[in-house]
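Examining the three-dimensional arrangement
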Amino acid sequence: MDFNDTPEEAKFRSEVREWLSANARQRDTSNAKAGVSTKSEAERLVRAKEWQAKKAEAGYAAITWPTEYGGLGGTSIQSVIYSQEEANYDVPRGFFEIGLGMCIPTMMKWATPEQNERFVKPALFGEEVWCQLFSEPAAGSDVAGLRTKCERDGDDWIINGQKVWTSGAHFCDYGIIVTRSDPTVPKHKGLTFFFLDMKTPGIEIRPIKQISGGSGFNEVFFNDVRVPDSQRLGDVGEGWKVSLTTLMNERLAIGGGSGVDYEELLKLARETELEEGPAIKDSNVREKLADWYVQSQGLKYTKFRTLTALSKGQVPGAESSIGKIVSGPKMQDLGSFAMDIQGQGGILQDGDESPMGAAFQNQWLGAAGYRIAGGTDEILRNIVSEQVLGLPQDIRVDKNVPFNELASSGKK
Amino acid sequence: MNFDFSDDQKMLKDQARKFLEDKCSYDDVRTVLESDASHHDEVWQGLCDLGFTGAAIPEQYGGVGLGALELCVVAEELGRCAAPVPFSSSIYMAAEALKIGGSETLKQTWLPKLASGEIIGTLAAAEGPAAPSPRNIKTTFANGKLNGRKLPVPDGETASVAIVLANTGGTGEQAVSLVVVDLTQDGVTRSSVETIDPTRGHAEINFDNADASLLGVSGEGWALMKRVEAGAAVLVAFEQVGGTEAALNMAKDYSLDRYAFGRQIGSYQAIKHKLADMYVKLELARSNAYYGAMVLAQEGADLELAAASARISATEAYRFAAQECIQVHGGIGFTWEANPQFHYRRSKLLALSLGSASRWKNRLVSELEKSNVA
């Protein structure tokens, strides 16, 4: 039992290290997690595209993809090793994960060879950014309940409706979308899937302001948006099957929780005075600190167990499914508790006055969204209980009912 | 990355599991619950005969000469069936304390008998409902004689030798030492006590000028005690992981078998989410226990931190799984005839056996403070 690389892994790691040190700047660890980039999104996107091109040129942008798509034809463990090493460098992140993690894998499975020839490489090299258009105001966890409709018109389809929570839609070039082609059949059977140019006339993108103040998401409106039938992925009515390809990649694409953790809480507890003395001497503070330390370590070593399976060329066990169930509430509770330690001053969300640039306040606000994005805490528990423990699915009252006869808000 | 047990260790685990599935069903555990027996003798003898007791004891002292990792996989299986045997007292505590702190003579005297199971050993620290810390220990050891009262002592009625935490007159943490006592002598009287988990025997022991000898150096008993506890915390964490998995499976099986309102109760989200939470806590506990095992086997410098993490995580997982297992069963789960009680009892016993979670959380943060000096 050890954490050592195999000789092949060690060789790959040293190649990666050499390449990174020649091409990127080491992260400043003295100002690790609290640091927030002051650059505008547009500036960061330019930098991200440059970095992505460099990475793709070296083969590290898609390590597990086959070489004909510009990948390295490597293993999952190599991909993990690259990420581990890249984490030590100050490189732009957060623009290509959805496109390369979810959209392009869906294209690779369902689009024609000519289409993949056209789209995969520009996405990989960061020239074109992709988004995913699934969720709707009335279709969140129950995404198959979506209402955006598509109607055939000669060689084209006309799309009308609204999508929501679309990350990055405002800077994306292309998107994948699932729509309802037939409302007279049960919900999973009447869906059809397309990819489209986000500049197509009739698409209107409006940012959503989150409670944290940021606007990473958008509402996307479709008014008579014309999409050629050649951009359909999968058969008419088979859109759910195509969606599953995307959704299976979602859990891989949604990263683990980052942000302030027990280390920052320890620092805060040492530096903050409570009525009876330093917070670190308070037994309640110590118990909470220990609980979150143990959860963090538990997640870290759970990941190591998964990596062990990958390293041995085995399929990882179900243990990796626990990550977001633990990290979401932990981020929220830890942020909240750290604010409690700050007493009345805890309400300040002030980069100068609040400890660590208001990192705890920011995390407390942001974590409320993290517990919902990419599968709510509740949906993830359903997944664990059904897919890991083998418990029965919920009884689905909508399973065999035509979509247009289902009960919904405002129509019972 | 090789963060897993070896194939040989997994084979050993299978061997332990097969033996225990055959010889240590809940019906077998129940025979101890419903009798005055301190443990299940047939199961204990079987474990000794198969060499599990001697697994981590060096060959020169009559053991098999394997290591901590082998002990961990056996511990998980003992925990899974809530085995009513003195394994933890005799091996994780007594034998490990002798291995770590014992003189050559002490090792030669006691380890071969503990390895073969010819005798049972234990460690006696608690003196009633209070923390057995240097300032609270009233039992004294002076001029080779031990005086005082220990309660509760695991397997105290059947053990032949005990490692005892006693005051030796120093100050602060130097006030206590560990001593080795032959429990079969005249100066020792003992009687069994009632506990929340009658499947594991406990006793009150009185020492009246009993002959004893120092284990390690006088005044360094607390440091040695903490080192022994850290190792035991990892091993007990594996018992807790095994117990958690058993309680989860018991609850899951019942939820698939039981119908209410025309459906399996396992199809309701209230039950599904409860079982998912058990699984999440189990996996966190398993991962922390694995790290504890690795550090223990490598005798790593951060054993105290790794052991505290393993213990806190596994204690929480077993607490939750055992209590919610009864809840999933409903009324039947609360009856004497049903089996959930075995894990409910054992989870609390193990949660307290090395001191409460609060105590270990405090120990953990003290380590964090040391490793993170600003």
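In what follows, the accompanying structure is described. Keep in mind it's a predicted model, so treat the numbers as computed, not measured.

Looking at the packing of helix H7 (residues 262–271) of chain A against helix H8 (residues 283–311) of chain A
Residues and elements named next belong to chain A. In contact at an axis separation of 9 Å, H7 and H8 are set at 160° when each is read in the N-to-C sense. Comparing the axis directions of H7 and H8 gives the class roughly antiparallel. Seen along the crossing, H7 lies across H8 with a hand that is left-handed. Contact residues: Tyr262, Leu265, Leu266 and Ala269 in H7; Val285, Leu289, Trp292, Tyr293, Ser296 and Gln297 in H8. Considered class by class, the residues forming the contact of H7 with H8 number eight nonpolar, two polar and no charged.

Some points on the pairing of strand S7 (residues 217–228) of chain A
All names here are of chain A. Sheet analysis places strand S3 (residues 156–164) next to S7, joined by eight bridges and oriented antiparallel. Its bridge partner being in S7, Val164 is matched across the sheet by Glu219. Both strand S6 (residues 203–208) and S7 contribute to a ladder of six bridges, which runs antiparallel. Paired with Arg206 across the two strands is Glu219, which belongs to S7.

Describing the packing of helix H7 (residues 221–257) of chain B against helix H10 (residues 340–353) of chain B
Axis angle and axis distance: for two packed helices, these are the angle between their axes and the distance between the axes, and together they describe the pair. All names here are of chain B. The geometry of H7 relative to H10 is characterised by a closest axis approach of 10 Å and an angle of 155° between their N-to-C directions. On the basis of their axis angle, the class for H7 and H10 is roughly antiparallel. Note that H7 runs across H10; the crossing there is left-handed. Mapping the contact onto sequence places Val236, Glu239, Gln240, Gly243, Ala246, Ala247 and Met250 in H7 and Pro340, His343, Leu350 and Ala351 in H10. Within the contact of H7 with H10, the residues separate by chemical class into seven nonpolar, three polar and one charged.

So, unusual backbone geometry
In this structure, Pro152(B) follows Leu151(B) across a cis peptide bond, with omega equal to -10°. Non-glycine residue Met356(A) carries a positive phi angle of around 50°. By the element assignment, Met356(A) lies in the loop between helix H9 (323–341) and helix H10 (359–370). Phi at Ala82(B) takes a positive value of approximately 50°, unusual for a residue other than glycine.

What counts and how
- Residues numbered from 1 in each chain as written.
- Chains lettered and ligands numbered in written order.
- Predicted model: local features only at pLDDT ≥ 70, side-chain atom pairs only at ≥ 80, totals over all residues.
- Heavy atoms only, no water.
- Axes fitted to C-alpha atoms, helices over the stretch in contact; angles between N-to-C directions.
- Helix = DSSP H or I, 4+ residues; strand = E, 2+ residues; numbered from the N terminus.
- Parallel < 35°, antiparallel > 145°, perpendicular 65-115°, else oblique.
- Left-handed = near helix turned anticlockwise from the far one by under 90°.
- Contact = heavy atoms within 4.5 Å.
- Nonpolar A, V, L, I, M, F, W, Y, C, P; charged D, E, K, R; others polar.
- Pairing = 2+ DSSP bridges.

Take it as geometry only, folks, not as evidence of what the structure does.
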